Amino acid sequence: MTPTHVNDPDDPRIAAFRNVKERDLTGRQGLFIAEGEVVLRVLASEASRCSPVSVLIAEKRVESLRGVLERMPGDVPVHVASQAVLNAVAGFDLHRGILALGRKPEAVDPAVLLGGLPERAVVVVACGIGNHDNMGGLFRNAAAFGAGAVMLDRTCCDPFYRKAIRVSVGAVLRTPMATGLEAEAMIELLQGKGFEVLALTPSAEQTLAGLRPGRRTALLLGSEGPGLPRDLIVRCRPVGIRMAGGFDSLNVAATSAVALHHLTTAVAD
């Protein structure tokens, strides 16, 4: 690993890193920005489903990250710059001093994805999640509790948005997923593959605490506020988390953590 020093924010070799926030909104045609040491370590690991394309880091971070950078493929350029140049390139104060450009994995056929899961598996299914913090939280929780895959309907935000990846502590880069699907088609496919689909909703009579999950379970989560549409809930088994103090629901990421803990630790039928 031989770093290349960059002294000019307009250097064409680092053009992909310019104006990070603005380009987050317009997309990067199959690429994404990874920010911070934790995410970089995931991107450089064997567990990552994504491939690194290039790296831009602050001079002060080179030695502490040398071991990580040396695990990158030899054709991945590592650019080093002063903090001032880094801030000018990114368009904001990049306190972490670490950016990497990565390539998204190839799209996976959802039927193939589900078919490759073991006999006992839990899948997270999200509909209408538009908040990137929540999206990152869902992926972090899915990875932490051993969910086999995450499926996102077409109305969800991009899990490869920089903030979602950061909040997920890199879980987005290593979690098998299928995206851009129709919600009804996801439910039908899951049920056809032997999954019982649980729709998390405050109106459910069945409590999560009293549920004994089957061997293949899918956890269906909707956006905060409106939650899941009624026409989706009736296709599934409604389940709710009982609360005190007049609250009817949790943040969707918190809900996923509570539900995934129960589903992955309870004894299956």
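Look up a bit, the structure's there.
Residues numbered from 1 in each chain as written. Predicted model: local features only at pLDDT ≥ 70, side-chain atom pairs only at ≥ 80, totals over all residues. Heavy atoms only, no water.

A. How the structure looks around the side chain of Ser48. Mapped onto the fold, Ser48 is located in the loop between α2 (37–43) and β3 (51–58). Apart from residues lying up to four places away in sequence, Ser48 is in contact with Val42, Leu43, Leu173 and Arg174. (Helix = DSSP H or I, 4+ residues; strand = E, 2+ residues; numbered from the N terminus. Contact = heavy atoms within 4.5 Å.)

B. Inspection of the sheet that holds strand β2 (residues 31–35) at higher detail. Overall, mixed pairing links the five strands, which are arranged β1-β4-β3-β5-β2 in an open sheet. Every interior strand has two partners, whereas the edge strands, β1 (4–5) and β2, have only one. Bridging between β2 and strand β5 (residues 98–103) involves five bridges; their strand directions are antiparallel. By the bridge assignment for β5, Leu31 is matched with Arg103. Where helix α4 (residues 83–90) meets the sheet, its contacts fall on β3, β4 (78–81) and β5, and the angle it forms with β3 comes to roughly 130°. (Pairing = 2+ DSSP bridges. Axes fitted to C-alpha atoms, helices over the stretch in contact; angles between N-to-C directions.)

C. Representation of the pattern of salt bridges within the structure. Under the definition given, this model contains 13 salt bridges. The closest approach of N and O atoms between Glu35 and Arg162, which form a salt bridge, is 2.7 Å. In this pair, Glu35 is assigned in strand β2 and Arg162 in helix α7 (residues 162–167), connecting sequence segments 127 residues apart. Note on accessibility: Glu35 and Arg162 belong to one class, buried. With a shortest N-O distance of 3.1 Å, Lys163 and Asp133 are connected by a salt bridge. (Salt bridge = Lys/Arg side-chain N within 4 Å of Asp/Glu carboxyl O. Buried < 20%, exposed > 50% of the residue type's maximum accessible area, 1.4 Å probe, protein only.)

D. The pairing of strand β10 (residues 216–222), seen in detail. Most of β10 sits out of view: seven of its seven residues are buried. Neither face of β10 is open: one carries Arg216, Ala218, Leu220 and Gly222, the other Thr217, Leu219 and Leu221, and all of them are buried. With seven bridges joining them, strand β6 (residues 121–127) and β10 adopt parallel strand pairing. Within β10, the position partnered with Val124 by the bridge is Leu219. Strand direction decides the pairing type here: strand β9 (residues 196–200) and β10, joined by four bridges, are parallel. Paired with Val197 across the strands is Ala218, a residue of β10.

E. Molecular detail of the packing of helix α6 (residues 132–144) against helix α11 (residues 252–265). Taken N-terminus to C-terminus, the directions of α6 and α11 make an angle of 15°; their axes are 8 Å apart at the nearest point. Taken together, the axis directions place α6 and α11 in an arrangement best described as roughly parallel. Crossing of α6 against α11: the hand is right-handed. On α11, the residues touching Asn134, Gly137, Leu138, Asn141 and Ala142 of α6 are Val252, Ala253, Ser256, Ala257 and Leu260. Residues belonging to the contact of α6 with α11 are distributed by class as follows: six nonpolar, four polar and no charged. (Parallel < 35°, antiparallel > 145°, perpendicular 65-115°, else oblique. Left-handed = near helix turned anticlockwise from the far one by under 90°. Nonpolar A, V, L, I, M, F, W, Y, C, P; charged D, E, K, R; others polar.)

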